[in-house]
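What follows is the residue order along each chain.
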Amino acid sequence: MKAVLDHVGIAVKDLDAALAFYRDALGLHVEVPEDVASQRVRAHFIPAGASSLELLEATAPDSAIAKYVEKRGPGLHHITLRVDDIVSALAELKSRGVRLVDETARPGAEGALVAFIHPSAAHGVLVELKQSPISSLQSPVASRQSSVASLQSSVTRHQLGDLELISLFDGFFRLDGGAMFGVVPKPMWEKRTPADDRNRILLAMRPLVVRGARTMLIDAGLGAKDDAKFHEIYGVDRSRNLDHTLAEAGLTPGDIDIVLASHLHFDHCGGFTYRDANGTVRPTFPRAQYVVRRDEWEDATHPHERNRASYLADNFVPLAEAGVLQLVDDDQTIMPGVRVQRTGGHCMHHQAIWIESGGRTAVFPADLVPTTAHLDNPWIMGYDLYPMDTLAAKKAFFKDVLAKNALVFFEHDPSVAAGYIREDKGKRSYERA
Ligand SMILES: [Zn+2]
Ligand SMILES: [Zn+2]
């Protein structure tokens, strides 16, 4: 097994005193802290050559770091070793009888996979194994900076006339870069979006809340029903997810009146349902009517070889069984100010959602324009079933967007939740909103 020291984790009791030493006395550079909500901890990274120090500060009394400090006082908490293949590393350790805290790798921050080895096996040191999602050729500091510097996982609010639009976040995942850009050659797309050592690019899931006459949620991310193998294949990092961002927006699942689907692929409707303690799959939003385009429902419930991997029945069939499904036939207004428009292309009945109030326009194009790297017409996903329809739909879409100066939401962009489109001599760019 080849292992490289990634970082040393240090549990801190008094952050200011720790900064007085590491930053002021030693003169080291401390990066902007990162909250790991699921662990109730704030991490302050300090680059030190090819590795880093990580100061860990508890953000709640029930955090593992708070308990550690209470029991043993501040000090060395763990070391993290980076490995190329965490699954085979764990298999090898298991075969040698090494005691593990995590038998299988689980998603850590930034799309990495992590697993802890028990301190009793490592001579009193808690050892974390990490498989970085970024090419292992890069140093951890460089890779972390390139992947994290501009990542966006926070809630953003936009007022549009009488409507409030709140962009939420359900985590990151990874898809094959070639598949995300279709016929565009890698030397071109990797300049916009670097690939990891498995050729995958980082994507986000950003459902959108519209608050007006009623409270609507458009798409709901991946949800929590998938197993470790799925998380491994798709590099899922839901350490910060829809539960957190919905709460930050001041909402509970019971506040949602309408859930609207752009289409029924798993990264858009996985969060429509959840698995309860008995293993029964139920609607996540107890009061909501779920609005789905009828032809998309037909396609999703009758998948073929080419789209079967995208349509997972547990994400939507339980809605029909619970009697909360509302099928709509054509382009129409779903609630005042919110209208659906079929785009086709990505799948035959994929739809964009246009939002209008007070003379202003916003639009949620979903997989028609999934990221800011997809603004140019020929940058079309290889996943699309009807790419020539996507091309026609994109031309019409950007014509409308520019005419109305519409605020565009990018459902899968890892860094930009929303922006305004500019076009100069046929070249499109965006301005972050
Ligand atoms: Zn899709
Ligand atoms: Zn998608």
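Refer to the structure printed above.
Summarised in this report is the structure supplied together with it. Just so you know, the residues in each chain are numbered from 1, in the order the chain's sequence is written. Whichever chain is written first is A, and whichever ligand is written first is 1; the rest continue in order. Note on the predicted model: pLDDT of at least 70 is required for a residue's local features to be given, and 80 or more for side-chain atom pairs to be given and counted; whole-chain, interface and lining totals, by contrast, use all residues. Note that water and hydrogens are dropped before the side-chain values are worked out from all heavy atoms of the structure.

This part is about the overall build of the protein. Starting at the N terminus, helices and strands are each numbered in turn, a helix being any DSSP run of H or I of at least four residues and a strand any DSSP run of E of at least two. On a plain count of helices and strands, the protein comes out with twelve helices and 26 strands. Taken over C-alpha atoms, the radius of gyration is set against a globule rule of 2.2 Å times the number of residues to the power 0.38. Since a compact globule built from 433 residues should have a radius of gyration of about 22 Å, the 23 Å found for the protein is in line with a globular shape. Oriented by its inertia axes, the alpha-carbon framework of the protein measures out at about 65 × 55 × 40 Å. Taken over 433 residues, the protein has a buried fraction of 54%. By definition, residues are in contact when any of their heavy atoms lie within 4.5 Å. Taking contacts inside the protein between residues at least 6 apart in sequence as the whole, the part at least 24 apart equals 64%. His is not counted, nor are the chain ends; Lys and Arg add positive charge and Asp and Glu add negative charge. Charge positions are represented by NZ for Lys, CZ for Arg, CG for Asp and CD for Glu. Taking the average location of the 48 positive side-chain charges in the protein and that of its 57 negative ones, the two points are 2 Å from each other. Working definition: with a 1.4 Å probe on protein chains only, accessible area under 20% of the residue-type maximum means buried, over 50% means exposed, and in between means partly exposed.

What follows deals with the coordination of the zinc ion (ligand 1). Around the zinc ion (ligand 1), the protein supplies H263 (NE2), H265 (ND1), H346 (NE2) and D367 (OD) as donor atoms, at distances of 2.1 to 2.2 Å. Only N, O and S atoms count as donors, using a 2.8 Å limit from the metal and a wider 3.2 Å limit for Na, K and Ca, and since water is excluded some coordination spheres may look unfilled. Tetrahedral means four donors with every angle between 85 and 135 degrees, whereas square planar (four donors) and octahedral (six donors) require angles over 155 degrees between opposite donors and between 65 and 115 for all others; sites fitting neither are termed irregular. Around the zinc ion (ligand 1) sit four donor atoms; with metal-centred angles ranging over 87 to 178°, the donor geometry is irregular. Positions of the donor residues of the zinc ion (ligand 1), expressed as sequence spacing, correspond to H-x1-H-x80-H-x20-D. In this model, the zinc ion (ligand 1) sits 3.5 Å from the zinc ion (ligand 2), the two metals being bridged by D367. With H265 in the loop between β15 (258-260) and α9 (266-269) and D367 in the loop between β23 (360-364) and α12 (387-404), the pair connects residues that are 102 residues apart, well separated along the chain. For H265, a relative accessible area of 9% gives the class buried.

In space, the seven strands of this open sheet follow the order β9-β10-β13-β14-β15-β18-β19, with mixed pairing throughout. Strands with a single pairing partner mark the edges of an open sheet, and in this sheet they are β9 (156-160) and β19 (325-328). Each neighbouring strand pair of the sheet contributes to a mean axis angle of 25°, computed without reference to strand direction. Note on pairing: DSSP must find at least two bridges between two strands before they are called paired. Two strands pair when backbone bridges link them, and strand β10 (residues 163-167) and strand β13 (residues 208-211) are joined in this way by four bridges, in the antiparallel orientation. Each residue of the ladder has a partner; that of L165, found in β13, is V210. In this description, a line fitted to the C-alpha atoms serves as the axis of each element, helices being fitted only across the stretch in contact, and the angle between N-to-C directions of two axes falls anywhere from 0 to 180 degrees. Sheet strands touched by helix α10 (residues 294-301): β18 (289-293) and β19. Its angle to β18, the strand with the most contacts, is close to 85°.

Bringing the coordination of the zinc ion (ligand 2) into the picture now. Perfect tetrahedral coordination of a metal by four donors corresponds to 109.5 degrees between them, and perfect octahedral coordination by six donors corresponds to 90 or 180 degrees. Only D267 (OD), H268 (NE2), D367 (OD), D367 (OD) and H412 (NE2) from the protein reach the zinc ion (ligand 2) as donors, at distances of 2.1 to 2.7 Å. By relative accessible area, D267 is classed as buried at 8%. What makes H268 buried here is its relative accessible area of 0%.

The term salt bridge refers to a side-chain nitrogen of Lys or Arg lying within 4 Å of a carboxyl oxygen of Asp or Glu. For the coordinates displayed, the defined rule picks out 24 salt bridges. Between R82 and D6 there is a salt bridge, with its nearest N and O atoms 2.8 Å apart. Residue R82 is located in strand β5 (residues 75-83), and its partner D6 is located in strand β1 (residues 3-12); the two are separated by 76 residues in the primary sequence. Judged by relative accessible area, R82 falls into the buried class, the value being 10%. When its relative accessible area of 5% is taken as the criterion, D6 is described as buried. The closest approach of N and O atoms between E103 and K94, which form a salt bridge, is 3.8 Å. On the accessibility criterion, K94 (39% relative accessible area) is partly exposed.

Backbone phi values are negative for most residues with the exception of glycine, while trans is the configuration of most peptide bonds. Notably, N199 is not glycine yet its phi reads approximately 65°, a positive angle. Relative to the helices and strands, N199 is located in the loop between α6 (186-192) and β12 (200-204). Phi at N405 is positive, roughly 45°, even though this residue is not glycine. Take N405: it is sitting in the loop between α12 and β24 (407-409). You can call N405 partly exposed: its relative accessible area is 40%.

For the rest of this paragraph, the subject is the side chain of D276. Examined against the element boundaries, D276 turns out to sit in the loop between β16 (273-275) and β17 (281-283). Using a relative accessible area of 14% as the deciding quantity, one classes D276 as buried. A polar contact of 2.9 Å, which involves the side chain of D276, links it to the backbone nitrogen of N278. Among the polar contacts made by the side chain of D276, one reaches the side chain of R282 at a distance of 2.7 Å. Pairs of N or O atoms are called polar contacts if they sit within 3.5 Å, as long as, within protein, a hydrogen donor faces a hydrogen acceptor (for residues adjacent in sequence, only side-chain-to-side-chain pairs).

Among the residues making up helix α3 (residues 86-95), those that are buried are I86, A89, L90 and L93. Projection of α3 onto a plane perpendicular to its axis shows the buried side chains occupying an angular sector of 95°, all on one side. On its buried side, α3 packs onto β5, β7 (113-117) and β8 (127-131). The opening residue of α3, the one whose side-chain oxygen lies 3.2 Å from the backbone nitrogen of V87, is D85. G97 occupies a position one or two residues after α3 and carries a positive phi of about 75°. The arc in question is traced by the directions running from the helix axis to the C-beta atoms.

Pairing is mixed in the open sheet, where seven strands are placed in the order β20-β21-β22-β23-β24-β25-β26. Across the chains shown, the open sheet's two edge strands, defined by having one partner strand only, are β20 (332-335) and β26 (427-432). Going from strand to strand, the sheet's axes swing by 35° on average, the running direction of each strand aside. Contacting β22 (351-357), β23, β24, β25 (418-424) and β26, α12 crosses the sheet at an angle of about 100° to β25.

On to the pairing of strand β21 (residues 338-342), then. Bridge analysis of β20 against β21 gives three bridges, and the strand direction is antiparallel. The residue bridging Q332 from the neighbouring strand is V340, located in β21. Counting the residues that bridge the hairpin from β20 to β21 gives two residues, and of these G337 lies at a positive phi of roughly 95°. Note: β21 against β22, five bridges, orientation antiparallel. Bridging from a neighbouring strand, R339 pairs with W354 of β22.

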